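An overview of the molecular structure
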Amino acid sequence: MVTANASEAQPTGGPPAPRGGIDSRWWVAVLVVAAAAALFWPRSENSKTTVPGGFAIDAAGRPVKLGPRMAPVTLVHFWATWCAPCVEEIPALERFRNDLADRHDFRVILIAVADNPEKVRSFLGLGQDDSVLFDPSWDVAHRFGSTQIPETYLIDRGEVVEKFIGATDWSNPAVRKRIEDRL
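The following paragraphs examine the structure supplied in this document. The structure displayed is predicted, hence computed values, not measured ones.

Brief notes about helix α3 (residues 117-124)
- Among the residues of α3, those classed as buried are Val 120, Arg 121 and Leu 124. Taken around the axis of α3, the buried residues stretch over an arc of 95 degrees, which confines them to a single face. Turned more than 90 degrees away from the buried face of α3 sit Glu 118, Lys 119 and Ser 122, all of them exposed.
- Contacts from the buried residues of α3 go to β3 (73-79), α2 (84-99), β4 (106-113) and β5 (132-135).
- The N-terminus of α3 is capped by Asn 116, whose side-chain oxygen sits 2.7 Å from the backbone nitrogen of Glu 118.
- A positive phi of about 70 degrees marks Gly 125, the residue just after α3.

See the structure below:
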């Protein structure tokens, strides 16, 4: 008959005793505390997204900073004539811009991405309009975080406050109200 030493006996029932490691329940507790801190930690006013720097090209082919061209509330719209949804969206955006043309605190800036300036001017029916800029290499669009077009960014006093991805219905009263409430 073989008998087991008391120090060699395994406990019955319950979880096995940890062997020099940390109990998994401790890791769960750490993760819960970290998640709660990330969600509820106070954020400073500096955590807002500001308008990125960089240069676009104006109608005369000169590099220009975007910032000085902005009004207190500005829509920065990335688009192209080779983009079918963009071409469909532009007339409604132009009507919206014209509806607010008397507001000096609002502006729409159209940035044609990887597009031919002559095609853009012909499509829009303009000459040297300073609200139309060009981004031949996606530099400005990528600084904003755009990876597709059309995309529109609502800028309120130098901060990006909303992003419209894809073609937007600029005649939609709810969309218009979100912008007009900032004026």
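That covers the picture; the talk isn't over yet.
So, the packing of aromatic side chains
- Per the stated rule, a full pass over the model turns up 7 aromatic pairs.
- A centroid spacing of 5.3 Å and a plane angle of 65 degrees characterise the contact between Phe 78 and Phe 144, whose relative ring orientation is edge-to-face. Of this pair, Phe 78 sits in strand β3 while Phe 144 sits in helix α4 (residues 139-144), and the two are 66 residues apart along the sequence.
- Accessibility expressed as a relative area gives 0% for Phe 78, which makes it buried.
- Consider the rings of Phe 96 and Trp 170, whose centres lie 6.1 Å apart with planes at 25 degrees: the pair is stacked. Separated by 74 residues along the polypeptide, Phe 96 in helix α2 and Trp 170 in the loop between β7 (159-165) and α5 (173-180) bring together distant segments of the chain.

Remarks on the state of the cysteines
- Summed over the entire model, instances satisfying the criterion amount to 1 disulfide.
- Sulfur-sulfur distance for the disulfide between Cys 83 and Cys 86 comes to 2.4 Å. What sets the handedness of the Cys 83 and Cys 86 disulfide is the S-S torsion sign, and at about 75 degrees it is right-handed.

Brief notes about the pairing of strand β6 (residues 151-156)
- The buried fraction of β6 amounts to 6 of the 6 residues, a majority that puts the element mostly inside the structure.
- Side chains Glu 151, Tyr 153 and Ile 155 project from β6 onto one buried face, and the interleaved Thr 152, Leu 154 and Asp 156 project onto a second face that is buried too.
- With 6 bridges joining them, β3 and β6 adopt antiparallel strand pairing. When the sheet's bridge partners are listed, Leu 75 is paired in β6 with Leu 154.
- Relative to β7, β6 runs antiparallel, the two being bridged by 6 bridges. The residue of β7 that forms the bridge with Glu 151 is Ile 165.

Some remarks on the nonpolar core
- Core analysis: the biggest nonpolar cluster contains 42 residues, and Leu 66, Leu 75, Phe 78, Phe 144, Trp 170 and Ile 179 have the highest contact counts within it.
- For this core, the secondary structure elements donating two or more residues are β3, α2, β4, α3, β5, α4, β6 and α5.
- Take this core: its biggest share by element is 7 residues, from β4.
- Ignoring sequence-local partners within four residues, the contact set of Ile 179 consists of Leu 75, Phe 96, Phe 106, Leu 154, Phe 164 and Trp 170.

Considerations on the pattern of salt bridges
- Scanning the entire structure with this criterion turns up 11 salt bridges.
- Between Arg 97 and Glu 94 there is a salt bridge; the shortest N-O distance is 2.5 Å. Of the two residues, Arg 97 and Glu 94 are both situated in helix α2; the distance of 3 residues between them amounts to about one turn of the helix.
- With a closest N to O distance of 2.6 Å, Glu 118 and Arg 121 form a salt bridge. Pair noted here: Glu 118 and Arg 121 are both in helix α3, with a separation of 3 residues, about one helical turn.
- Overall, Glu 118 belongs to the exposed group, its relative accessible area being 53%.
- A network of salt bridges, in which partner residues are shared, links Asp 156, Arg 157 and Arg 182.

Calculation notes
- Residues numbered from 1 in each chain as written.
- Predicted model: local features only at pLDDT ≥ 70, side-chain atom pairs only at ≥ 80, totals over all residues.
- Heavy atoms only, no water.
- Buried < 20%, exposed > 50% of the residue type's maximum accessible area, 1.4 Å probe, protein only.
- Helix = DSSP H or I, 4+ residues; strand = E, 2+ residues; numbered from the N terminus.
- Arc of directions from axis to C-beta.
- Contact = heavy atoms within 4.5 Å.
- Polar contact = N/O pair within 3.5 Å; in protein donor to acceptor, adjacent residues only side chain to side chain.
- Phe/Tyr/Trp six-rings, centres within 6.5 Å; stacked < 30°, edge-to-face > 60°.
- Disulfide = S-S within 2.5 Å.
- Pairing = 2+ DSSP bridges.
- Core = buried A, V, L, I, M, F, W, Y, C linked by side-chain atoms within 4.5 Å.
- Salt bridge = Lys/Arg side-chain N within 4 Å of Asp/Glu carboxyl O.

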